[in-house]
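Structural overview
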Amino acid sequence: MTDTVTIYEVGPRDGLQNEARIIPTADKIALIDLLSASGLPAVEAGSFVSPRWVPQMADSGDVIAGLSYDHATRFCVLIPNLTGWSAFWRIRAAMPQGPDEVAVFISASEGFSKANLNCTIAESIDRFRPVVAAANDAGLGLRGYISCVTDCPFDGPTPPTAVARAAEMLRDLAPMPLSLGDTIGKGTPDTVAAMVRAVLNVAPVSDLAGHFHDTGGLALANIDACLDLGLRTFDAAVGGLGGCPYAPGAPGNVATCAVIELVEGRGFRTGLDRTIIDKAAAMARAMRGQE
């Protein structure tokens, strides 16, 4: 196992999309440019979803066009279907540099898939199957998100075997790395460990990332459990950006600074400039009106 932990920054997309106040495009660009200067290997920069459902992400095209691309950071955008791909590629094809990774997402629970995507799990696969093909043809990387990996707000606890099935469905499309998301923050070290062990039957540990929300205050303990099982990549959001629509007022994604402190305290390296991360966290909190 490596002694390096990779932090995948999701604040500019997964975090900001939950903010009720529309954040100015220039502020989003400034935040992402600052994050990329910190040494972060990957930043999720936006999503090409329907602006009707996620108005905060309506300017993702302007955001990716305005980024500096001066650092080695890999940028990713979330794309749910062929309509989103077309909107993204119209912009990306004209750029000398741009996002080089596309993320697609699936739920491990049918209840969440139907409520969040208005389709079954199998239907969601069919929707983004052409996105995977188009990204492959364009030479872009892929990343898969699996939501509700321990608990679902509609179906209750998620069986680990259901998460393994979802992982297998994604990797049948392409051998993409997977982010395992505790969407409502109800996971515990025991339930997280059981889920990860099930997924390890269908995907190598090097292709897995933990994605934890701190709704129940156990995000760091869950990361600890994943470290013990060999995971070395974790999603985090600068300043703890984000929240959960099923737990109003609860904390959102685990904060990037907190993850750095945890993993470095355990002796792992992150390669990140903590001073810059702290500046970005202050900027993120200001976007939320917290200071």
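Before going into details, it helps to say that this report is about the structure given with it. (Residues numbered from 1 in each chain as written. Predicted model: local features only at pLDDT ≥ 70, side-chain atom pairs only at ≥ 80, totals over all residues. Heavy atoms only, no water.)

**As for helix 10 (residues 256–265)**
Thr256, Cys257, Val259, Ile260, Leu262 and Val263 are the residues of helix 10 that are buried. Looking at the buried side of helix 10, the elements it contacts are strand 1 (6–9), helix 9 (219–228), strand 10 (233–236) and helix 11 (274–287). Phi turns positive, to about 95 degrees, at Gly267, one or two residues after helix 10. (Buried < 20%, exposed > 50% of the residue type's maximum accessible area, 1.4 Å probe, protein only. Helix = DSSP H or I, 4+ residues; strand = E, 2+ residues; numbered from the N terminus. Contact = heavy atoms within 4.5 Å.)

**Details of the pairing of strand 8 (residues 178–182)**
Every regular strand shows the same layout, with side chains that alternate between the two sheet faces. Counting buried positions along strand 8 yields five of five residues, so the element is predominantly enclosed. Residues Leu178, Leu180 and Asp182 point to one face of strand 8 and Ser179 and Gly181 to the other, with burial holding for every one of them. As paired elements, strand 5 (residues 141–147) and strand 8 share three bridges and run parallel to each other. Residue Ile146 lies in a different strand from strand 8, and its bridge partner there is Leu180. Alignment of strand 8 against strand 9 (residues 208–212), held across five bridges, turns out to be parallel. (Pairing = 2+ DSSP bridges.)

**So, the packing of helix 2 (residues 25–36) against helix 11**
When two helices pack together, their arrangement is given by the angle between their axes and by how far apart the axes lie. Two numbers describe how helix 2 lies on helix 11: the axes approach to 9 Å, and their chain directions differ by 160 degrees. As summarised for this structure, helix 2 and helix 11 are arranged roughly antiparallel, according to the angle between their axes. Where helix 2 crosses over helix 11, the two elements pack in a sense that is left-handed. Two secondary-structure elements touch here, helix 2 through Asp27, Lys28, Ala30, Leu31, Leu34 and Leu35 and helix 11 through Ile276, Ile277, Lys279, Ala280, Met283, Ala284 and Met287. Residues belonging to the contact of helix 2 with helix 11 are distributed by class as follows: 10 nonpolar, no polar and three charged. (Axes fitted to C-alpha atoms, helices over the stretch in contact; angles between N-to-C directions. Parallel < 35°, antiparallel > 145°, perpendicular 65-115°, else oblique. Left-handed = near helix turned anticlockwise from the far one by under 90°. Nonpolar A, V, L, I, M, F, W, Y, C, P; charged D, E, K, R; others polar.)

**Here's the deal with the sheet that holds strand 5**
Ordered by their spatial adjacency, eight strands build a closed barrel running 1-2-3-4-5-8-9-10, and the pairing between neighbours is parallel. Each neighbouring strand pair of the sheet contributes to a mean axis angle of 30 degrees, computed without reference to strand direction. Packed onto the sheet, helix 7 (residues 160–173) meets strand 4 (101–107), strand 5 and strand 8 and runs at close to 160 degrees relative to strand 5.

**What about the layout of surface pockets?**
The calculated volume of the largest pocket comes to roughly 1300 Å³. For the largest pocket, the lining is made up of 47 residues, of which Gln17, Val54, Phe105, Asn116 and Leu117 are closest to its centre. Of all the elements in the fold, those that place two or more residues in the lining of the largest pocket are helix 1 (11–15), helix 3 (60–66), helix 4 (82–92), strand 4, helix 5 (110–117), helix 6 (121–137), strand 5 and strand 8. For the lining of the largest pocket, the per-class residue count stands at 23 nonpolar, 21 polar and three charged. Here the second largest pocket is characterised by a volume of approximately 180 Å³. Along the wall of the second largest pocket there are 13 residues; nearest its centre are Tyr8, Arg74, Arg143, Pro177 and Thr233. The set of elements that each furnish at least two residues to the lining of the second largest pocket consists of strand 1 and strand 9. For the lining of the second largest pocket, the class distribution of residues is six nonpolar, three polar and four charged. (1 Å grid on protein atoms, 1.4 Å probe; cavity = no way out; pocket = protein on both sides within 12 Å on 5 of 7 lines; lining within 4 Å. Points joined across faces, edges and corners; volume = space filled by probe spheres on them.)

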